[in-house]
Each structure stands twice: as structure tokens, then as C-alpha cells.
Amino acid sequence: MKVLLVNGAPHEKGCTYTALCEVEKELNNAGIDTEIFWLGNKQVRGCIGCGKCADNDHHCIFDDDVVNVLVDKAKESDGFVFGSAVHYAAPSGTICAVLDRAFYSGSTNFRYKPAAAVVSCRRAGSTAALDVLNKYMTISSMPLVSSGYWNMVHGAKADDVLKDEEGLQTMRTIGKNMAWLLKCIDLGKQNGIERPASEKKLRTNFIR
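None of the values given here were measured: they were computed from a predicted structure. (Residues numbered from 1 in each chain as written. Predicted model: local features only at pLDDT ≥ 70, side-chain atom pairs only at ≥ 80, totals over all residues. Heavy atoms only, no water.)

Peer 1: Please provide a residue-by-residue account of the overall build of the chain, values included.
Peer 2: For the chain, the count of helices and strands is six helices and six strands. In sequence order, the chain lays out its α and β elements as β-α-β-α-β-β-α-β-α-β-α-α. Whereas a compact globule of 208 residues would reach a radius of gyration of roughly 17 Å, the chain reaches 17 Å, a difference of no more than 12%. With the C-alpha coordinates of the chain rotated into their principal frame, the extents come out at 50 × 45 × 35 Å. Here the chain holds 208 residues, and 45% of them are scored as buried. Taking as baseline every contact in the chain between residues at least 6 positions apart, the subset at least 24 positions apart corresponds to 75%. (Helix = DSSP H or I, 4+ residues; strand = E, 2+ residues; numbered from the N terminus. Rg over C-alpha atoms; globule rule 2.2 N^0.38 Å. Buried < 20%, exposed > 50% of the residue type's maximum accessible area, 1.4 Å probe, protein only. Contact = heavy atoms within 4.5 Å.)

Peer 1: Can you break down the pairing of strand 1 (residues 2-7) residue by residue, with the values?
Peer 2: Of all six residues in strand 1, five are buried, a share of seventy percent or more. As paired strands, strand 1 and strand 2 (residues 33-38) are joined by six bridges and run parallel to one another. Within the sheet, the bridge partner assigned to Leu-5 lies in strand 2 and is Ile-36. Across five bridges, the pairing between strand 1 and strand 3 (residues 79-87) is parallel. Note on strand 3: the bridge partner recorded for Leu-5 is Val-81. (Pairing = 2+ DSSP bridges.)

Peer 1: Let's hear about the layout of surface pockets: which residues, and what values?
Peer 2: The calculated volume of the largest pocket comes to roughly 660 Å³. If you list the elements that add at least two residues to the lining of the largest pocket, you get helix 3 (93-105) and helix 4 (126-138). At four residues, helix 3 tops the list of elements feeding residues into the lining of the largest pocket. Of the residues belonging to the lining of the largest pocket, the class tally is seven nonpolar, four polar and seven charged. Estimates place the volume of the second largest pocket at around 330 Å³. The residue makeup of the lining of the second largest pocket, split by class, is nine nonpolar, one polar and six charged. (1 Å grid on protein atoms, 1.4 Å probe; cavity = no way out; pocket = protein on both sides within 12 Å on 5 of 7 lines; lining within 4 Å. Points joined across faces, edges and corners; volume = space filled by probe spheres on them. Nonpolar A, V, L, I, M, F, W, Y, C, P; charged D, E, K, R; others polar.)

Peer 1: Give a detailed account of a negative patch on the surface, specifying residues and quantitative values.
Peer 2: Taken together, the side chains of Asp-57, Asp-63, Asp-72 and Glu-76 make up a negatively charged region of the molecular surface. Tracing the chain through its elements places Glu-76 in the loop between helix 2 (67-75) and strand 3. (Patch = residues over 30% accessible without salt bridge, like charges linked within 9 Å, V, L, I, M, F, W, Y side chains within 5 Å. Areas by Shrake-Rupley, 256 points an atom, 1.4 Å probe, with all protein chains shown as cover. Salt bridge = Lys/Arg side-chain N within 4 Å of Asp/Glu carboxyl O. Lys, Arg positive; Asp, Glu negative; His and termini not counted. Charge placed at Lys NZ, Arg CZ, Asp CG, Glu CD.)

Peer 1: Got a sec to walk through the pairing of strand 3? Specific residues and values, please.
Peer 2: Among the nine residues of strand 3, eight are classified as buried, and the element is accordingly described as predominantly covered. The pairing of strand 3 with strand 5 (residues 115-121) spans six bridges and is parallel. Bridge pairing in strand 5 places Val-81 opposite Ala-116. The pairing of strand 3 with strand 4 (residues 90-91) spans two bridges and is antiparallel. In the sheet register, Val-86 faces strand 4, and the bridge partner there is Pro-91. The antiparallel pairing of strand 3 with strand 4 creates a hairpin that spans two residues between the two strands, and Tyr-88 there sits at a positive phi of about 55 degrees.

Peer 1: Outline the state of the cysteines, listing residues and values.
Peer 2: One pass over the structure, following the stated rule, counts zero disulfides. No disulfide involves Cys-47; its sulfur sits 6.7 Å from the nearest other cysteine sulfur, which is in Cys-50. According to the relative accessible area criterion, Cys-47 is partly exposed, its value standing at 41%. Cys-50 provides the cysteine sulfur closest to Cys-60, a residue in no disulfide bond, and the two sulfurs are 6.6 Å apart. (Disulfide = S-S within 2.5 Å.)

Take a look at the structure:
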């Protein structure tokens, strides 16, 4: 089993990375393989709603950034942790642009796989940012992995996060809960419990 930890912060090894590493330790202690995937700080275009991904093997038609890399990595992953710094009470523009396109084009690679969101902030805006990230999972039939508190750490730099004892404990609990859920799902598969059958998508337009 493998969990992909996505670092959507602009700094590769800053506060968000420090939080993800704390989750990763518990996953590794439980025998779960991990990879921390930094989205980088290069330009990422937003989704233009062209729908071409449906005819492009469920990959985004634009192949000049990290979106399709994430789609491919998601196919080989059993669970996810999406991390971001908080910018104006929201996740980073990069992770939002990436997840918009990755979930729209490659949603089958994420569906029914457990996931958690974590955010890092200096002071506030964290719960609003968490809400945005959680919506990607809750619209994609993904079991949401919780902790003993909201999934956040505080600090202006990585060393500050290491002093946030409650935040670090929250991260460790995410790792333990994720490992437990993955093993429960795996045991279910071994005993013939398959994923729910998906219904054909219905769309209701309120203005006609």
C-alpha cells in the first residue's frame, strides 16, 4: 500500500512539508509506503472547462505542467494527503489549479481512496482553507481521514511548526488513522467486499 502526500506550498521544505513529514512517519511506522510530491512553484494554468480530457485518456489536454504527473501518480496510490500553505484564508493558487484539473480529468484515479487535507498557517484562515480542500474529496466518493483536531499546524517557518506540539500530534493521528483505514479496506477486499457500484451521473440544471 502507498500513500501520496502532495505538497502544494510554494516552498518545497517549509511548514507544509514539515507537517506532511509528521504524517509520513506514522504511515511508515505502520508499514505503509509513502511519497511526498511537491507541486513546485512554476506556473500552472487553471481549468478552461474544454472537456477534452474525456477524449485524452482522462488526462488534461494541457501537458506542460505537473497535473498529468499527479494523475498518473494517483493511479498507483491507495491514499492521499493534500497539503497547502494558507493564502488569504484559502489553499495556494497552485494546488487549487492542479486539483481542479486533476480531479476533473482523472477522477477515476482518486475515487474511493481515503484522503486527508492538511494546512499550515502563521495565524488564521486555516479552517476556511481546509474546507476548500475537503470539497475535492467529498465530491469524489473518497473516505475522508480525520484526526483529533482540525488538520492544521501553525508557524511562520518550519522550525516554528516543530514547536507546535498539538499540531504535530494532529498530524501523527492522521497518519495512524489513514494506516488503520487502508488496512481495513485491504482486509475487506480480501474477504470479497468490493467498492460500491457507481450510478450513471445525473445532472440537474435549475434554469431551463
